[in-house]
Amino acid sequence: MQKTFSIIKPDAVASGKAGKILSLLEDNGFRIVALRMTKLSTSQAEGFYAVHAERPFYRSLVTFMTEGPVVLMALEREDAVKKLREVMGATNPANAAEGTVRKLYAESIERNAIHGSDAPETAAQELAYFFTTVELNQL
Ligand code: GDP
C-alpha cells in the first residue's frame, strides 16, 4: 500500500464537484485516509508551489489556489502515486483522457480541478506539509 497527497482545487469546490471527485477517487480504489476542507493562506500556497516560483504562472497559480476553499486529502491504494496521476488526467484538460477528473471537471490548464503528487518523494513531503503524523496513521 502507498499513500499520496491530493487537493480538490478551488474551481472544483466552487462548482460543486467535490463530492463527484471524491466518489470517482473511491471508485478507482483509493481509500480516504485523512481529509480536511480549508482555505489556503498566500504563504501556504507559495510554499506548496515553491518549485514553480520561477515559472511565469506562479503568481496567478497562488492567487487561484487561495481564492476559495480546497479539500486536502491523504489517499491510499496500491501504486497510489501513479494511479492518481492516471485518474487525474493531463495538466491541460484539452489533452486529458476521457473519464479523467480533469477531462470531466477542469476549466483550463490552470483551473484544473485537482492536484496529485508527482512522485513518492513528493508525496511524502506534501503529506507532511498539510497533515500530522497522527492524522496520517490513526485510521
Ligand atoms: P500537475 O502536476 O499536472 O498539477 O502540473 P504542474 O506541476 O506542471 O503545474 C502545477 C499547476 O500549475 C497545474 O496543476 C496548474 O494548476 C498550473 N499550471 C501548470 N502549467 C500552467 C501554465 O502553463 N499556465 C498556467 N496559468 N497554469 C499552469
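## Notes on the nonpolar core
Formed by 21 residues in total, the largest nonpolar core has its most connected members in Ile-8, Ile-21, Leu-25, Phe-30, Met-73, Val-101 and Ala-113. Those elements giving two or more residues to this core turn out to be helix H1 (10-14), helix H2 (18-27), strand E3 (70-77), helix H5 (80-88) and helix H6 (101-105). With five residues, H2 is the largest single contributor of residues to this core. Setting aside chain neighbours within four positions, we find Ala-113 in contact with Ile-7, Ile-8, Lys-9, Asp-11, Ala-12, Ile-21, Val-101, Tyr-105 and Ala-106. Core analysis: the second largest hydrophobic core is formed by 20 residues, Ala-45, Leu-61, Val-70 and Leu-136 among them.

## Details of the packing of aromatic side chains
Under the counting rule described, the total for this entry stands at seven aromatic pairs. Through a chain of ring-to-ring contacts, the aromatic side chains of Phe-5, Phe-48, Tyr-49, Tyr-129, Phe-130 and Phe-131 assemble into a single cluster. Over the aromatic face of Phe-30 sits the side chain of Arg-77, whose NZ or CZ is 5.7 Å from the ring centroid.

Basis of the calculations
- Residues numbered from 1 in each chain as written.
- Predicted model: local features only at pLDDT ≥ 70, side-chain atom pairs only at ≥ 80, totals over all residues.
- Heavy atoms only, no water.
- Core = buried A, V, L, I, M, F, W, Y, C linked by side-chain atoms within 4.5 Å.
- Buried < 20%, exposed > 50% of the residue type's maximum accessible area, 1.4 Å probe, protein only.
- Helix = DSSP H or I, 4+ residues; strand = E, 2+ residues; numbered from the N terminus.
- Contact = heavy atoms within 4.5 Å.
- Phe/Tyr/Trp six-rings, centres within 6.5 Å; stacked < 30°, edge-to-face > 60°.
- Lys NZ or Arg CZ within 6 Å of the ring centre and 35° of its normal.

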